[in-house]
Amino acid sequence: MIGEYNAQIFLDLPSGKLKDSSDSTAVEYFKEIVSRTTPRIIYTHNTADRHETHVAVALRLVQALRELGYIPEAFYGCEVWRGLDWVNEDEKVVFDVGGREDLEAALLGVFDSQIAGGKRYDLAVVGRRRANATFSQAHGVDTARETIFAMDLLPLLKDKELSVSGYTEEFILRFAKSVKEKITELE
């Protein structure tokens, strides 16, 4: 009701099942969900996330979509446990998520059981989003109040031979190259 979603689906699987690449339960769930809903845009965790379960979710979803041969209009891996501010600007997908602070607070409040345990996700999520917006442009005024970053994962579906680890590593290598080039230029 709060987010006015048409549906929200929980897999109700323990992390161990998701992280076990030989267990096809999550892949089969994802295939059924996608087959029944045919989403135009899919948002998931990014493949460079620090949280193992989040990476496993992204991997199982990629596998399911590949097995189905399903290619949505857009497929994004969003930042959660690891921010994506390091992704080169020309590759980073930026979403303006500001302007609805009341809705944001209400949605984050749904996870009160996690917040009450001492992890202030409510503050951290908003802090990262605001930092992303502010630090996006060094020499310009903020154009958004809050932003989140994502990786475009669609190439993983268009080219089934492309390995997820190789695709992710290329982002990292391009970032390392850009840092090295900047330092070399300024030395």
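Just so it is clear, the structure is predicted and the values come from calculations on it, not from any experiment.

## Let's talk about the overall build of the protein chain
Alright, step 1. Regarding its fold elements, the protein chain presents eight helices and four strands.
Alright, step 2. Written out in order from the N terminus, the α and β elements of the protein chain read α-α-β-α-β-β-α-α-α-β-α-α.
Alright, step 3. Scaling as 2.2 N^0.38, a compact globule of 187 residues should have a C-alpha radius of gyration of about 16 Å, and the protein chain matches this with 18 Å.
Alright, step 4. Taken along the three principal axes of its C-alpha coordinates, the protein chain extends 50 × 40 × 30 Å.

## Quick word on unusual backbone geometry
Alright, step 1. Of note, the phi angle at D12 is positive, near 55°, even though the residue is not glycine.
Alright, step 2. Mapped onto the fold, D12 is located in the segment before helix 1 (15-19).
Alright, step 3. The backbone of T38 sits at a positive phi, close to 40°, despite the residue not being glycine.
Alright, step 4. A residue is classified by how much of its surface remains accessible, and T38, at 48% relative accessible area, is partly exposed.

## Considerations on a nonpolar patch on the surface
Alright, step 1. Together, I2, V110 and F111 give the surface a local cluster of nonpolar side chains, amounting to about 270 Å² of exposed area.
Alright, step 2. Mapped onto the elements of the fold, I2 is located in the segment before helix 1.
Alright, step 3. We classify I2 as partly exposed; its relative accessible area is 41%.

Rules used in this analysis
Position numbers for residues start from 1 in each chain and track the written sequence from start to end. Note on the predicted model: pLDDT of at least 70 is required for a residue's local features to be given, and 80 or more for side-chain atom pairs to be given and counted; whole-chain, interface and lining totals, by contrast, use all residues. Processing note: side-chain calculations cover all non-hydrogen atoms of the structure and skip hydrogens and water entirely. Every helix listed is a DSSP run of H or I at least four residues long, and every strand listed is a run of E at least two residues long, numbered separately from the N terminus. All radius of gyration figures rest on C-alpha atoms, and the globule criterion is 2.2 Å times the number of residues raised to 0.38. Each residue is placed in one exposure class: buried if its accessible area under a 1.4 Å probe, protein chains only, is under 20% of its type's maximum, exposed if it is over 50%, and partly exposed if it falls in between. A residue counts toward a patch only above 30% relative accessible area and without a salt bridge, and it is joined to like-charged neighbours within 9 Å or, for Val, Leu, Ile, Met, Phe, Trp and Tyr, to nonpolar neighbours within 5 Å. Note on areas: Shrake-Rupley with a 1.4 Å probe; residue coverage comes only from the protein chains shown. Here, a salt bridge means any side-chain nitrogen of Lys or Arg that lies within 4 Å of a carboxyl oxygen of Asp or Glu.

Nothing here speaks to function; it is geometry throughout.
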